[in-house]
Amino acid sequence: MSKEFTKKQRRLIRQLITRNCANYHDDNCIALDEGEGCPCVQLISNHMMCNYFRNAVLPNNEALEKELTGSKSKERCIMCNKPYLRTGRNQSYCKECAKIRRNMKNALYKYEERNR
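Keep in mind that what you see is a predicted model, and the values were worked out from it rather than measured.

A. Spotlight on the overall build of the protein. Regarding its fold elements, the protein presents 5 helices and 2 strands. The linear arrangement of helices and strands in the protein, starting from the amino end, is α-β-β-α-α-α-α. The C-alpha radius of gyration computed for the protein amounts to 19 Å, which surpasses the reference 13 Å derived for 116 residues by more than 25%, pointing to a less compact arrangement than a globule. Seen along its three principal axes, the alpha-carbon backbone of the protein occupies a region of about 60 × 35 × 25 Å. Relative to its full complement of 116 residues, the protein shows a buried share of 27%. In the protein, 35% of the contacts between residues at least 6 apart in sequence involve partners at least 24 apart. Looking at the protein as shown, the accessible area adds up to about 8900 Å², and 48% of this sits on carbon and sulfur atoms.

See the structure below:
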């Protein structure tokens, strides 16, 4: 189980959600809504973060992101802008985007080989 948020962290999380979260509307989460309204997980919990918040909203505050995720790196993928832990000196992509990029380059190489 993760650590509980401090008062300062809860205040910053609320500000981020109300200003930047595309799924937030009147203290409810549109993504979880099934007609009755579902409260935003971060606003009712002291330690939970949804994936959308972690990947799309939290990067707007680097200091808070580093505190909450314990990320040792500020590196961001140049394709999807998600933070990742760099494992190589020339790494520019997160693991998922590196795979996509490699497949794209291989497809282009095969296309050029066929059309020579």
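What follows picks up the thread again.
B. Representation of the packing of helix α1 (residues 7–20) against helix α4 (residues 62–69) within the structure. Running from N to C, α1 and α4 cross one another at 125°; their axes reach a closest spacing of 11 Å. Here α1 is positioned oblique relative to α4, judged by the angle of their axes. Here α1 runs over α4; the crossing is left-handed. Together, Q9, L12, I13 and L16 of α1 and L64, E67 and L68 of α4 make up the contact between the two elements. Looking at the contact of α1 with α4, its residues break down into 5 nonpolar, 1 polar and 1 charged.

C. Structural view of the side chain of E65. For E65, the position within the fold is in helix α4. Dropping the residues within four chain positions of it, E65 is found in contact with L58, P59, G70, R76 and P83.

D. Up close: unusual backbone geometry. Here the phi dihedral of D26 falls at roughly 50°; this positive angle occurs in a residue that is not glycine. As for its position among the elements, D26 is in the loop between β1 (24–25) and β2 (28–29).

E. Representation of the pattern of salt bridges in the model. Within this structure, the stated rule accounts for 4 salt bridges. Salt-bridge contacts for R76 lead to E65; the nearest nitrogen and oxygen are separated by 2.8 Å. Here the residue R76 occupies a position in the loop between α4 and α5 (95–114), and E65 occupies one in helix α4, the gap between them amounting to 11 residues.

F. Quick peek at a nonpolar patch on the surface. Judged by side-chain polarity, M79, I100 and M104 come together as a nonpolar surface patch covering roughly 280 Å² of accessible area. As for its position among the elements, M79 is in the loop between α4 and α5. On the accessibility criterion, M79 (42% relative accessible area) is partly exposed.

The rules we used
- Residues numbered from 1 in each chain as written.
- Predicted model: local features only at pLDDT ≥ 70, side-chain atom pairs only at ≥ 80, totals over all residues.
- Heavy atoms only, no water.
- Helix = DSSP H or I, 4+ residues; strand = E, 2+ residues; numbered from the N terminus.
- Rg over C-alpha atoms; globule rule 2.2 N^0.38 Å.
- Buried < 20%, exposed > 50% of the residue type's maximum accessible area, 1.4 Å probe, protein only.
- Contact = heavy atoms within 4.5 Å.
- Areas by Shrake-Rupley, 256 points an atom, 1.4 Å probe, with all protein chains shown as cover.
- Axes fitted to C-alpha atoms, helices over the stretch in contact; angles between N-to-C directions.
- Parallel < 35°, antiparallel > 145°, perpendicular 65-115°, else oblique.
- Left-handed = near helix turned anticlockwise from the far one by under 90°.
- Nonpolar A, V, L, I, M, F, W, Y, C, P; charged D, E, K, R; others polar.
- Salt bridge = Lys/Arg side-chain N within 4 Å of Asp/Glu carboxyl O.
- Patch = residues over 30% accessible without salt bridge, like charges linked within 9 Å, V, L, I, M, F, W, Y side chains within 5 Å.

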